[in-house]
Structure formats: structure tokens, C-alpha cells
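# Inside the fold
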Amino acid sequence: MRRLTALDPANAPEKSRELLNDIVARRGSVGEMVSTMAHSPALLQGYLDFSRAMRRIKVPRALSEKISLAVQEWIGCAYCLDAHAEAGRAAGLSETDIALARQGTSTDTREAALIAVAVRVLAEPSSLTDEDVAELRAHGWSDRIIAEIVGLVTLNLLTGAFNLLAGLEPAERTA
């Protein structure tokens, strides 16, 4: 059930109105989450800037979607799970890849190690050790990729927690 309403640009605070109008001019429309975030110009600006920055990460797109699926499964955001499953399919993930990612793993042991650490970054960051980082390096992951996992997890926490608080749910699909 929706708890926060989406805002039209005309009804949004001034800074949010500017941001929403810019998105509409570039993309033609604004999604439910973004238009709902518009209640807070600071949150909307922060989300847009962070999201834009995270598009420049070196984590391969398909793997990024697997990590997002694992994290969103843990958070429990059905809205985000739907979006990341769709994005994962567009990035070439199979239904098996998506199901395994939602379980926090992959058939690829390198990816499985990175996904597992990503979930721990979310769920129990104080448990991470030198050995965890050494294991990721042993799998061939660079320090850049290891660092970017924190950003990817954080972006997913922001969107998942916001959507749950706002009451955003996946659209009903008709057969």
C-alpha cells in the first residue's frame, strides 16, 4: 500500500521540480520512485548524483544486476527485485542466474565470492576481515571493484529502503 504519493513536477518543491523537469526533457517521463523522492529535494538530488556516479563503476553490468538482486532479496524490496530482474534479463542473465543471485550466489565461483561479500557489506559489515579481501583478490578482483561493491550495496539500500517506506510495489502484470 502506498504511503507516500508521487509528485508531478508542478507540485514538487522548486529544486525537485527543476530536477524532474530535466529528467522529463531527457527521457520523456519520470519513474514512480523518483517522482516520490521529489518530496525531498536533497534526497532526490543525492540519489540522482549517486546513481549517475555508480553508472561509471567497473563491475560488469550483468554482475552488477546479480549483486543488486542478492542485496534486494535480503532487503525485501519487491519493487527493486522486479526492476533488477528485468534489467538482469536485458543484460543477458538467464532465469537460473536470477534465481541464484536472489539466493546470494552464482555458478561462477569468482562472482559468487563477490556477491557473498556484497551481502555481508549490507547485513554484517563488521564481520568483514582481511581474509575476505584477500580471497576476493585471489579470485582476481581489483581493489577498485572491491571498493565499488560498497557503493553498489549502498545505492541498493537507499532505493530498497525508500521504496519500502514509501509503499511502492511492483505493477500488476497481466497474462
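Data block above holds the structure.
Here we come to the packing of aromatic side chains. Geometry of an aromatic ring pair is reported as the spacing of the ring centres plus the angle between the planes. Overall, the coordinates contain zero aromatic pairs when judged by the stated rule. The ring centre of W141 lies 3.9 Å from the NZ or CZ of R110, which sits over that ring.

Turning next to the pattern of salt bridges. In total, this model carries twelve salt bridges according to the counting rule given. In this structure, D49 and R52 form a salt bridge, with 3.3 Å as the shortest nitrogen-oxygen distance. Taken together, the residues span about one helical turn, with D49 and R52 both in helix α3 (residues 41-54) at a distance of three residues. A salt bridge links R102 to E73; its shortest N-O distance comes to 2.6 Å.

Here we come to the packing of helix α4 (residues 61-75) against helix α7 (residues 109-123). The N-to-C vectors of α4 and α7 enclose an angle of 40°; their axes lie 9 Å apart at closest approach. Compared by their axis directions, α4 and α7 come out oblique. With respect to the hand of their crossing, α4 and α7 are arranged in right-handed fashion. Seen from α4, the contacting residues are L63, K66, I67, A70, V71, W74 and I75; seen from α7, they are E111, L114, I115, A118, V119, L122 and A123. Residues belonging to the contact of α4 with α7 are distributed by class as follows: twelve nonpolar, no polar and two charged.

Moving on, we get to the side chain of Q72. Within the secondary structure layout, Q72 lies in helix α4. Relative accessible area serves as the criterion here: at 0%, Q72 is assigned to the buried category. In this structure, Q72 is in contact with C77, C80, L81, H84, N156, T159 and G160, ignoring residues within four places of it in sequence.

Definitions and limits used
- Residues numbered from 1 in each chain as written.
- Predicted model: local features only at pLDDT ≥ 70, side-chain atom pairs only at ≥ 80, totals over all residues.
- Heavy atoms only, no water.
- Phe/Tyr/Trp six-rings, centres within 6.5 Å; stacked < 30°, edge-to-face > 60°.
- Lys NZ or Arg CZ within 6 Å of the ring centre and 35° of its normal.
- Salt bridge = Lys/Arg side-chain N within 4 Å of Asp/Glu carboxyl O.
- Helix = DSSP H or I, 4+ residues; strand = E, 2+ residues; numbered from the N terminus.
- Axes fitted to C-alpha atoms, helices over the stretch in contact; angles between N-to-C directions.
- Parallel < 35°, antiparallel > 145°, perpendicular 65-115°, else oblique.
- Left-handed = near helix turned anticlockwise from the far one by under 90°.
- Contact = heavy atoms within 4.5 Å.
- Nonpolar A, V, L, I, M, F, W, Y, C, P; charged D, E, K, R; others polar.
- Buried < 20%, exposed > 50% of the residue type's maximum accessible area, 1.4 Å probe, protein only.

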